[in-house]
Amino acid sequence: MSKISELSLTKIVNGIKKKEFTSLEVTNEFIENSKKSRKLNSYITECFDEATKSAKNFDQKKDFKGLLSGIPIAVKDLFCTKNVKTTAGSKILHNFIPTYESTVTNNLWSQGAFLLGKLNCDEFAMGSSNETSFFGNVSNPYGKELVPGGSSGGSASALAAELTPATIGTDTGGSIRQPASFTGTVGLKPTYGRCSRWGIVAFASSLDQAGPMTKNVEDCALLLQAMSGYDYKDSTSIDTKVDNYSSNLTEKVKGLKIGIPKEYRVENMPKEIDDLWKSGIDYLKDAGAIIKNISLPHTIYALPAYYIVAPAEASSNLARYDGVKYGHRAKGKNLNEMYENTRSEGFGDEVKRRILIGTYVLSSGYYDAYYLKAQKVRQLIKSDFDKSFNDVDAILTPSTPSSAFKIGDKSDDPVSMYLNDIFTVPINLSGLPAISVPAGHDKNNLPLGLQLIGRPFDEQTILNLSLAIEKRANFNRNFKNWWS
Amino acid sequence: MNERKFDYFINGEKDKWEVIIGLEVHAQVSSKSKLFSSSSTQFGAKPNTQVSLVDSAFPGMLPVINQFCIEQSIKTGLGLKAKINLNSVFDRKNYFYADLPQGYQISQYQNPIVGEGEVVLDMPYGTKRVGIERLHLEQDAGKSIHDMDPENSFVDLNRSGVALMEIVSKPDLRSPEEVNSYVKKLRSIMRYIGTCDGNMQEGSLRADVNVSVRKVGDKKFGTRCEIKNVNSIRFMEMAIAFEAKRQVELLESGKKIDQETRLYDTKKNTTRSMRSKEDAHDYRYFPDPDLLPLNLDKSLIDKLKKELPELPDQKKERFIKEHNLSPYEANILVSEKEISEYYEKVIKESDKKLATNWIIVELFAVLNKKNLPISESPISAKNLSSLIKMISSGKISGKIAKVVFEKMQNGDRDPNQIVEKEGLIQQSDPKELEQIILDVLSKNQDKVTQYKSGKVKLFGYFVGEAMKISKGKANPKLVNDILKTKLK
Amino acid sequence: MSIDKNTVKHISKLARISLDEKKTASLSKDLTSIMKFIEKLNKLNTEKTKPLTSIIDASLKTRKDEIKDGKIRDQILKNSPEKNEEFFVVPKVIE
């Protein structure tokens, strides 16, 4: 691997500013890496010609005002990018070319970055292993037969393999944090409402959030700052000031109180995960933080509640994919037949499962028993967190119940796949910010991440705490390049 | 005065039945842009030119609510004397159709913006109070055109997303006549407030009509059928009449009524079933997660209340008191805001009684003949007022005034000018009239003798002759008075 | 609650997704197992709890009544699989 792509995003940004290298040199390297790495199947659409043009353009104009001046970035194929195919990993959108740009990606381009390509993901963001994409599975750089996690699997894989200096994904039940944990990278899900959802293919509206995925915490703060902000076109976007996450980043966390929720110590928890958690506690103690035991009593009900709310909202959000306005259309003798064939052909199995569950739990006679009940459980889970944040400033848990598993291991049983999200889902239900930072390895040398959960709009605190962990964990992405 | 009793019943073969009707009126909000997007709402634009990415449900699109539409629905609620709910929720109503690009309609289900209210009708048999159940805001759908191609339908989304107020009445209506009155009253109230133009030809106002029947004396409601999307008052009346008869016939033959949705066939004047039971929609309502709950401040409601114009019922009471009108007259003059404004302009400087008569009888005849609303009246309020002033002052007679009125219609001419130009000023000089009358009497000595010996009907003949000689300009009252004295 | 084949057929009709017999059978199995998992919630008494109505503690932002959109017919029709110059074209509806 050549040198530039091994650098962090922050170092590349500074390198371009200091004229140590040009945007074109940076872009060419990432394009080279990407071309050599097609075995990973991280990309759905490559935008290398356009990126090269943009880089040349940048080097001519030399506008260094942006936070991401001259940086090529590949993004999850859930963000609508103007005139660039956007598929959401689905056959039903396999030929969809938006005439508009999502707010979040537009924010990146306003900061001087440009599009390198669209990255693979689970279909409509539904999955935890990137095995449901119409465009094929993605491999984890840590091993050909390993999943990179999901749904932002292509993003995590491309990031870890250094095919892009940084990337953005979306997180509805853990889709940024879990793949970050599986690939030894940093992934942050911001507070609900921090980043705009306008122009992002919707999965579950009350849970979806876009977030940064980066090689280290410093990069994460930078990218979060570039992405965030109020958008009047999104009625769930919050009009609150974007902190200077980057310049306020510090590992001075002395005196901060960290909660350790006992309910996250689940039955049959692998010892390695428990040990990792203990290391995390030690790192933070070493940094001067105060550790407190807390209780989040409704934790075990989070996953079942999530698998009511998310499919219900998805079943409605995906009703627009009917073959009339865009995307795949099948033949049909009449309108209904056309709808039924289009959606049957266009959606994969997991998406069908979730649409049907969602339709069922909302259907006549069942609304109170399921959807309304789930929203009540959600209130209880959120209240658990609210109460805890009276006593602590952040909460530390493992990110995932295991390291990356093998492709095909869990695809027979939907429920066993769902259990991957056990530590991440409660956070989406409560709308809180959370970050996964790589902190150790399992006995097979596969990466494991720790999760920090913060108060609403207090991304700064969890970034700072992650930095403290990062500095002490001395984690290295030490896989061999088996693919190029 | 109550001229008659309520008498709309269906006389079946076995029993006497009454008809129970409830209406769900869909009224398009008068606003420039749509409820959740900034596209125009103007009627008649070229297909799909008033459509945004949000209206056509592209991936990643999100709704943003129009403040003005919220205020319009609050004002309408206030006009219906209804409770305004400070907290309401927008829900998704999920179903599939070609004119529904999202696959759901954003509506309000359990927590509408307006609650219970009332509309008061003046029926010939007395006052009828019709309860309003609720009013909520929702998106209109686009249009599917089925008759341009044998195998395909064409979809135009211009209307998709326009704000609708759905006004649900309680099942208080009992006849097509009451429905007619109710829809007209609703329409009038909304036009007064300016929240809906009520233009049924353009689709601004349409209704789903719920009809059931029960034997007179029964307390329980029968099974109802919903007749969907009726877009004229006349069709509503006819559809109700047909449907009520259909239901009575079914029930009297021992059969049951299937609760179903029906369509009114305007050509055959029948209703027919629209959907079978299996295809019945399950709308799977749930709160729209792209929107937050709507929480209104009482200060907004108070502000909007102050902005309301005088409403028809209030205006009617005031007209009766201040202008000494009969309830019948007042009803007509307040039925449209524009009519009441016209009337009040006319009576600013002219006699109220004459004004009432001239507007209700003469002007309305012209407007009806030419099919014009009062806002396009060929005679302005100012000029009508001048005409009436001339009658009051005796400058012209009532008869001549009608002639002048005809001529005024040609370009809203000033009646004073017409009268001057054509020499139509009434002859009111007693000396002149005396001369004319003496002339008439002298030329008809024999008739004078007959009159004096008892043929009193000849009085009219003498009046007629005097009018003839004066070319109709003689002041009839003076002619009468002078003639009386001369014939003593 | 088990989701039998007839239920699968019913909800797939509501969701406008056609399924063959094989798919219907496998979905019946999958959905039943997912529902079993979801039904863990029944153990929790939520009678006195109010449902979450919004994650965000904010009021619904509104916009002014201005025409700022539309007149983009080409863009709107561009991605449609079947269209003509003015309309989306769909197979006929049976009413």
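In this text the structure is predicted, and so the values were computed from the model without any measurement.

Trainee: Sorry, what's going on with the overall build of chain A here?
Mentor: Summing up its helical and strand segments, chain A has 15 helices and 11 strands in all. A compact globule built from 484 residues should have a C-alpha radius of gyration of about 23 Å, and chain A, at 21 Å, falls within 12% of that. When the backbone C-alpha atoms are referred to their principal axes, chain A occupies close to 65 × 55 × 45 Å. Put simply, chain A has 484 residues, and 64% of those count as buried. Of all intrachain contacts in chain A linking residues separated by at least 6 positions in sequence, the fraction that spans at least 24 positions is 76%.

Trainee: Explain the pairing of strand β3 (residues 114-119) of chain A here, please?
Mentor: Regular strands have side chains that alternate between both faces of the sheet. Residue and element names in this part refer to chain A. Most of β3 sits out of view: six of its six residues are buried. Pairing of strand β1 (residues 43-46) with β3 involves three bridges; the strand directions are antiparallel. Considered in β3, the bridge of T45 is made with K118. For strand β2 (residues 72-76) and β3, the ladder comprises five bridges, and the chain directions are parallel. For K76, the partnering residue across the bridge sits in β3 and is L119. Remark: the β2/helix α4 (residues 103-110)/β3 crossover connection has right-handed handedness.

Trainee: Can you help me understand the interface of chain A and chain C in this one?
Mentor: How big an interface is tends to be stated in terms of the accessible area lost upon association of its parts. With 54 residues of chain A in contact, the opposing surface of chain C contributes 41 residues. Those elements that place two or more of their residues in the side of chain A that touches chain C are α9 (302-317), α10 (335-346), α11 (349-362), α12 (368-388) and α13 (414-418) of chain A. It is α12 of chain A that contributes the most residues to the side of chain A that touches chain C, 10 residues altogether. Partitioned by chemical class, the residues of the side of chain A that touches chain C number 26 nonpolar, 17 polar and 11 charged.

Trainee: Would you explain the packing of helix α8 (residues 271-286) of chain A against helix α15 (residues 459-473) of chain A in this entry?
Mentor: The axes of two packed helices give the description: the angle between them and the distance between them. All names here are of chain A. Put simply, α8 and α15 touch, their axes get as near as 9 Å, and they point 105° apart. Between α8 and α15, the angle is such that the two are roughly perpendicular. Along its contact with α8, which presents G280, Y283, L284 and D286, the element α15 presents L465, A468, I469, R472 and A473.

Trainee: What's the story with the confidence of the model for chain C in this structure? I'm lost.
Mentor: Do not read the fine detail of predicted coordinates wherever pLDDT is low. Of the residues in chain C, 98% reach a pLDDT of 70 or more, and the chain-wide mean stands at 93. Scored as a complex, the prediction yields pTM 0.92 and ipTM 0.96.

Trainee: Please explain the environment of P456 of chain A as it appears in this structure.
Mentor: Residues and elements named next belong to chain A. Summarising the element assignment, P456 is placed in the loop between β11 (447-454) and α15. For P456 and P98, which are 358 residues apart along the polypeptide, the C-alpha to C-alpha distance reads 32 Å. Beyond its immediate sequence surroundings of up to four residues, P456 is in contact with T191, G431 and L432.

Trainee: Looking at this structure, how should I read the sheet that holds strand β4 (residues 167-171) of chain A?
Mentor: In a beta sheet, neighbouring strands are held together by backbone hydrogen bonds and run either parallel or antiparallel to one another. All names here are of chain A. Overall, mixed pairing links the eight strands, which are arranged β4-β6-β5-β10-β11-β9-β7-β8 in an open sheet. Where the open sheet ends on each side, the last strands, each with one partner, are β4 and β8 (290-294). Geometrically, the sheet is characterised by an average inter-axis angle of 30° between neighbouring strands, direction not taken into account. Pairing of β4 with strand β6 (residues 209-214), which is carried by five bridges, proceeds in the antiparallel orientation. Bridge pairing in β6 places D171 opposite Q209.

Trainee: Before we go on, may I ask you to explain the sheet that holds strand β9 (residues 143-145) of chain B in this structure?
Mentor: The strand order β9(B)-β10(B)-β2(C) describes an open sheet built from three strands, whose pairing is antiparallel. At either margin of the open sheet sits one strand with a lone partner, and together these are β9 of chain B together with β2 (88-91) of chain C. Direction aside, the axes of adjacent strands within the sheet are offset by 35° on average. Bridge analysis of strand β10 (residues 152-156) of chain B against β2 of chain C gives four bridges, and the strand direction is antiparallel. Across the sheet, residue N152 of chain B finds its bridge partner in β2 of chain C, namely P91 of chain C.

Trainee: So what exactly am I meant to see when it comes to the packing of helix α9 (residues 381-393) of chain B against helix α10 (residues 398-408) of chain B here?
Mentor: All names here are of chain B. Two elements in contact, α9 and α10, have axes whose closest approach is 10 Å; the angle formed by their N-to-C orientations is 160°. Classified by the interaxial angle, the pair formed by α9 and α10 is roughly antiparallel. Note on packing geometry: the crossing formed by α9 with α10 is right-handed. In this structure, α9 uses N383, L387 and I391 to contact α10, whose residues at the interface are G398, A401, V404, F405 and M408.

Trainee: I would appreciate a short explanation of helix α1 (residues 67-79) of chain B in the present structure.
Mentor: A turn of α-helix holds 3.6 residues, and therefore any two residues three or four places apart point the same way. Residue and element names in this part refer to chain B. Taking 1.5 Å of rise per residue, 13 residues should cover 18 Å, and α1 covers 19 Å from first to last C-alpha, within 8% of that figure. For α1, the buried fraction is high: 12 of the 13 residues fall into the buried class. Those residues of α1 lying buried are F68, C69, I70, E71, Q72, S73, I74, K75, T76, G77, L78 and G79. Following α1 by one or two positions, K81 adopts a phi angle in the positive range, close to 55°.

Trainee: I'm lost on the nonpolar core in this one. Help?
Mentor: In this structure, A305 and I308 of chain A together with V209 of chain B are the most contacted members of the largest nonpolar core, which totals 232 residues. For this core, the element with the highest residue contribution is α9 of chain A, accounting for 10 residues. Apart from the residues within four sequence positions on either side, V209 of chain B is in contact with I21, L23, I227, V230, M236, A239 and I240 of chain B. Core analysis: the second largest hydrophobic core is formed by 30 residues, F319, Y342, A355 and V419 of chain B among them.

The rules behind each value
Residues numbered from 1 in each chain as written. Chains lettered and ligands numbered in written order. Predicted model: local features only at pLDDT ≥ 70, side-chain atom pairs only at ≥ 80, totals over all residues. Helix = DSSP H or I, 4+ residues; strand = E, 2+ residues; numbered from the N terminus. Rg over C-alpha atoms; globule rule 2.2 N^0.38 Å. Buried ≥ 20, exposed ≤ 12 C-beta atoms within 10 Å, placed from the backbone. Contact = placed C-beta atoms within 7 Å. Pairing = 2+ DSSP bridges. Right-handed = clockwise from strand over helix to strand, strands pointing away. Nonpolar A, V, L, I, M, F, W, Y, C, P; charged D, E, K, R; others polar. Axes fitted to C-alpha atoms, helices over the stretch in contact; angles between N-to-C directions. Parallel < 35°, antiparallel > 145°, perpendicular 65-115°, else oblique. pLDDT = per-residue confidence, 0-100. Left-handed = near helix turned anticlockwise from the far one by under 90°. Expected span 1.5 Å × (residues − 1). Core = buried A, V, L, I, M, F, W, Y, C linked by C-beta atoms within 7 Å.

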